[in-house]
Structure formats: structure tokens, C-alpha cells
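Understanding the architecture of this molecule
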Amino acid sequence: MGRAGLPGAVLLALLATTPFIGAAWSITGDRWRDQVAAPLVLLSFGGAFLLAALLARADPWLGAFVALVAGSAMLRPSPAALATLEAVLAGALAVAVARTGGPVWRRLLTAGLVTLGVAQVAYTAGQLVGYDPLWFGLERRSDLAPMGTIRSPGLLGAYLAVVTPLAPLVMIPVLVAGVLMSGSAVAWLGATVGLTLRFRARLRWWVVAVAGVGLAIAMAVGHGRLVESVVWRWSVWTVGLSRLDTGSVLAGRGFGAWAAEMPVRYAAWLGRPGTYGELPTHAHNDLVQLLYDGGLVALGLLVLWLVWHRAAWRGPAGGALAAASVVSLGGFPMHVPTTALLIAAILGLATAPVTPTPA
């Protein structure tokens, strides 16, 4: 098949199937409408598999993950599954674009991400003194929370924690201040891990790590809900993972299943309807949600991807990747478009090929 390889095979399969699918697959119940509807559905999923095959040329495990999500959405279609597939396709493309180009492009992208982070800090500082122009104009208010334009203190903290290790030295204090303003202990811990990894060769990293972890604990205790938060998360994870039978542990319950199933199941476990914020539409741990949705197969692909890109944990982008890993274990940044797209760009930067320095 020459250079076309797997993408060529997928394209040939689509070309061979499209003329017959309208007659063989009834979607609308009207055979004339099915002549258009069935091929469109086929091409929607076929396009995802085609993209997966193209991605697999440079990154086989990323391509395999996209194919897994596409296959899951095709076999277990639901609005949540299709939304997940769209998000994964966008994220995979962001990873591919971020790692393309040369050093100049990557420096521009890094500078852009740091600038966006500083803008969030500036906006948050305005909220602390009573101003939120995008929501309330120039009216001064006393009930504003420090959450930037992301509308969540925890997600703001996660965003800034991921960006902080990318920043030049002069800008790091500004972003660290933003993480502190968010009040998120998980975000502070993520920023600490990211900065420690970035500067481990220059500083006594263990001093920074101990100080950062200590402050993260102090922040969590200071909020007064540390025990309550830990107990709630543990109950959510226990209820969710207890629903996995042998087949689900292997292949998951389908991407998007957690958001569709867990609020109802958790309310049944509580024995009452539950209140807003109490029902877990997200697992508050992206790894747990990945296991629930995609099973051990998805976790295995993640492990293989990490092994394939084991050199990614280097430099500023490696520190940002470490920070993203921490905040993903304590929250759900991979399930919110703003933070998920940011982390996808970080993945691209961290796994970009190293350009040899001219002799």
C-alpha cells in the first residue's frame, strides 16, 4: 500500500463501505433518508478512525487511544460519548499541532500560554478588590470569589499551576501569587511538583518540595473542609469503581458513562436526591474516571504512551506536564475544555522532538 499505510487502508475501507451502507443500515426508518443519513454517520466515525491512523504514524499510542474512544462511541452511542469523542479529537489535534514546527513556534506558543496565565492573575486580582468587568461591568461588588474568567477557583488554580513551570524566572512569582489567590491546595501542590522538576538540577529540590507540600497541607486545613473533602471523594471513587464488573474493568463502561450514570448511582447510594455539587458529574480524579469509562485498556494505553514519551519530563514543558498530572489526580481538568486544551498543548510541547543544536 506504499506510504499510505494504515490511513490508506482506513480510507479504502470507507470508500468500499459508503455505497452500500445506506441500503444495509437503517437509521431513520426511511430507506430514502438512510441513503444520506447512514453514510454521514459512517463518515463521522470513519473520520475519527482516519485521524487516529494519521496520528499513529508519529505517535502510535495516541492514535490507538483516539481509535479506542471512537470505537467506544460507535458501539455505545450516547450524547455524552459523542461529546467525549469530539473533545478527544480536538485535544489530539492540539497535541499534534503543538509539537509541530521548530523551536521558534514552540517558544511563541510557550510565551502565549504564559501571557494568558498572567492575564488570569491580573483579572483575579481585580476580583479581589471587587471588580469583575466581564460579568458585572464596572460595578464594584463585595461577593466576588477569586476565580478569574474560568469561573471556578479550583480550575483557575489548576490552569495557573500548569502554566507556572513554563514561565521565565521573572514571571514565576506572579503566577505563584495567582495560584495562592485561587486557594486551591491541589493546584499549589501541582505547581510545587512542576517547579521542583524543572529546577531540580539547580536548587536543593527537596527543600522546595517539603516547603511546597507543607504549605499545600496548611492551605487545605485552612479551608476547614479537608476531612470532609477527602471523605466525599473517597465515597465517590468507592461507589463508582464498585459498579465495575469483570467486563467493565477491562473495557470500561463507555466514554462519557461516568457523567451519565454516576449522579444517579450516587444519589441511590445516599438514599436521597442529593444537592447541587454533591452529585459527582466528574470523579474529581481523572485517572479514576478514565478507568470507569475506558477500563484497563485505556489505562494501559496511557502507560504505554508515558513509556513511549519517557523523555518528556524535561525542562519547563516537563515541569508543566508534572503539574498537570498532579492537578488531574485531585480534580477534573481533563474534562473541562479550557484546562483540557491547555494540557493538550503542554503534552505537545513536552513530547516535541528535540532540535539538535548546530555545531
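Here, the structure is the one placed above.
Residues numbered from 1 in each chain as written. Predicted model: local features only at pLDDT ≥ 70, side-chain atom pairs only at ≥ 80, totals over all residues. Heavy atoms only, no water.

1. Section: the overall build of the protein chain
To keep things clear, this is the line we draw: Strands here mean DSSP runs of E at least two residues long; helices mean DSSP runs of H or I at least four residues long; both are numbered from the N terminus. Exposed residues in this analysis have more than 50% of their type's maximum accessible area, buried residues have under 20%, and partly exposed residues fall in between, with area computed by a 1.4 Å probe over protein chains only. Pairs of residues are marked as contacts when any of their non-hydrogen atoms sit within 4.5 Å. Note on areas: these come from Shrake-Rupley sampling with a 1.4 Å probe, and a residue is covered only by the protein chains present in the view.
A tally of helices and strands in the protein chain yields 16 helices and zero strands. Counting only residues that meet the buried cut, the protein chain has 46% of its 359 residues in that class. A sequence separation of at least 24 residues applies to 66% of the contacts in the protein chain between residues at least 6 apart. On the protein chain, roughly 18600 Å² of surface is accessible, and the fraction owed to carbon and sulfur atoms is 72%.

2. Topic: helix α7 (residues 153-163)
Most of α7 is tucked away, with nine of its eleven residues classed as buried. All buried positions along α7 are accounted for by Leu-155, Leu-156, Gly-157, Ala-158, Tyr-159, Leu-160, Ala-161, Val-162 and Val-163. Structurally, α7 contributes buried residues whose contacts are with α5 (103-128), α8 (172-182), α9 (185-198), α15 (315-330) and α16 (337-350).

3. Some remarks on the packing of α15 against α16
Convention followed: A fitted line through C-alpha atoms serves as each axis, taken over the contacting stretch for helices, and the angle formed by two N-to-C directions is quoted from 0 to 180°. For classification purposes, angles smaller than 35 degrees are called roughly parallel, those larger than 145 roughly antiparallel, those between 65 and 115 roughly perpendicular, and all remaining angles oblique. Crossings are sorted by hand: turned counterclockwise from the far helix by less than a right angle, the near helix makes the crossing left-handed, and turned clockwise it makes it right-handed. Polar here means any residue other than Ala, Val, Leu, Ile, Met, Phe, Trp, Tyr, Cys and Pro, which are nonpolar, and Asp, Glu, Lys and Arg, which are charged; Gly is therefore polar.
Following both chains from N to C, one finds α15 and α16 inclined at 140 degrees, their axes separated by 9 Å at the closest point. In this view, α15 runs oblique relative to α16, as classed from their interaxial angle. Seen along the crossing, α15 lies across α16 with a hand that is left-handed. For the pair formed by α15 and α16, the contact residues are Ala-317, Ala-320, Leu-321, Ala-324 and Ser-328 on the first element and Ile-343, Ile-346, Leu-347, Leu-349 and Ala-350 on the second. The residue makeup of the contact of α15 with α16, split by class, is nine nonpolar, one polar and no charged.

4. Regarding the environment of Pro-168
Here Pro-168 is to be found in the loop between α7 and α8. Sequence-wise, Pro-168 and Pro-316 are 148 residues apart; in three dimensions their C-alpha atoms are separated by 9.0 Å.

5. A look at the nonpolar core
Grouped burial of nonpolar side chains is what soluble globular proteins tend to show. So the rule is basically this: Remark: nonpolar core denotes a set of buried residues (Ala, Val, Leu, Ile, Met, Phe, Trp, Tyr, Cys) joined through side-chain atoms within 4.5 Å.
Ranked by size, the top nonpolar core spans 77 residues in total, and within it Leu-85, Leu-113, Val-162 and Ile-346 carry the most contacts. The residues contacting Val-162, other than those within four sequence positions of it, are Ala-320, Ala-323, Ala-324, Val-327, Leu-342, Ile-343 and Ile-346. Val-10, Leu-14, Ile-21 and Leu-42 belong to the second-largest nonpolar core, a separate cluster that totals six residues.

6. Points about the pattern of salt bridges
Cut-off, in case you're wondering: Put simply, a salt bridge is a Lys or Arg side-chain nitrogen that is within 4 Å of an Asp or Glu carboxyl oxygen.
Under the criterion given, the structure shown has six salt bridges. We note a salt bridge from Asp-132 to Arg-151, for which the minimum N-O separation is 3.1 Å. Taken together, the residues span a long stretch of sequence, with Asp-132 in the loop between α5 and α6 (133-136) and Arg-151 in the loop between α6 and α7 at a distance of 19 residues. Taking the relative accessible area as the measure of exposure, Arg-151 reaches 24% and is therefore partly exposed. Across the pair Arg-253 and Glu-261 runs a salt bridge whose closest N-O atoms are separated by 2.8 Å. Here the salt bridges do not stand alone but share partners, grouping Glu-139, Arg-141 and Asp-143 into one network.

7. Notes on the side chain of Arg-106
Going by this rule: Here a polar contact is taken to be a pair of N or O atoms separated by no more than 3.5 Å, where protein atoms must pair a possible hydrogen donor with a possible acceptor and residues adjacent in sequence count only if both atoms sit in side chains.
Among the secondary structure elements, Arg-106 is positioned in helix α5. Of note is the side chain of Arg-106, whose polar atom sits 3.3 Å from the backbone oxygen of Pro-353.

8. Section: a nonpolar patch on the surface
Quick note on the threshold: Patch membership is restricted to residues that have no salt bridge and whose relative accessible area is over 30%. Joining uses 9 Å for like charges and 5 Å for the nonpolar side chains Val, Leu, Ile, Met, Phe, Trp and Tyr.
Taken together, Val-97, Val-104, Trp-105 and Leu-108 make up a surface patch of nonpolar side chains, about 390 Å² in accessible area. The greatest single-element share of the nonpolar patch, amounting to three residues, is contributed by α5. Residue Val-104 is classed as exposed on the basis of its relative accessible area of 52%.

9. Notes on the environment of Gly-319
Inspection of the secondary structure assignment puts Gly-319 in helix α15. The exposure class of Gly-319 is buried, given its relative accessible area of 0%. Expressed as a C-alpha distance, the spacing of Gly-319 and Pro-165, which sit 154 residues apart in the sequence, is 5.4 Å. With residues up to four places along the chain from it excluded, the contact list for Gly-319 reads Pro-165, Gly-194 and Leu-197.

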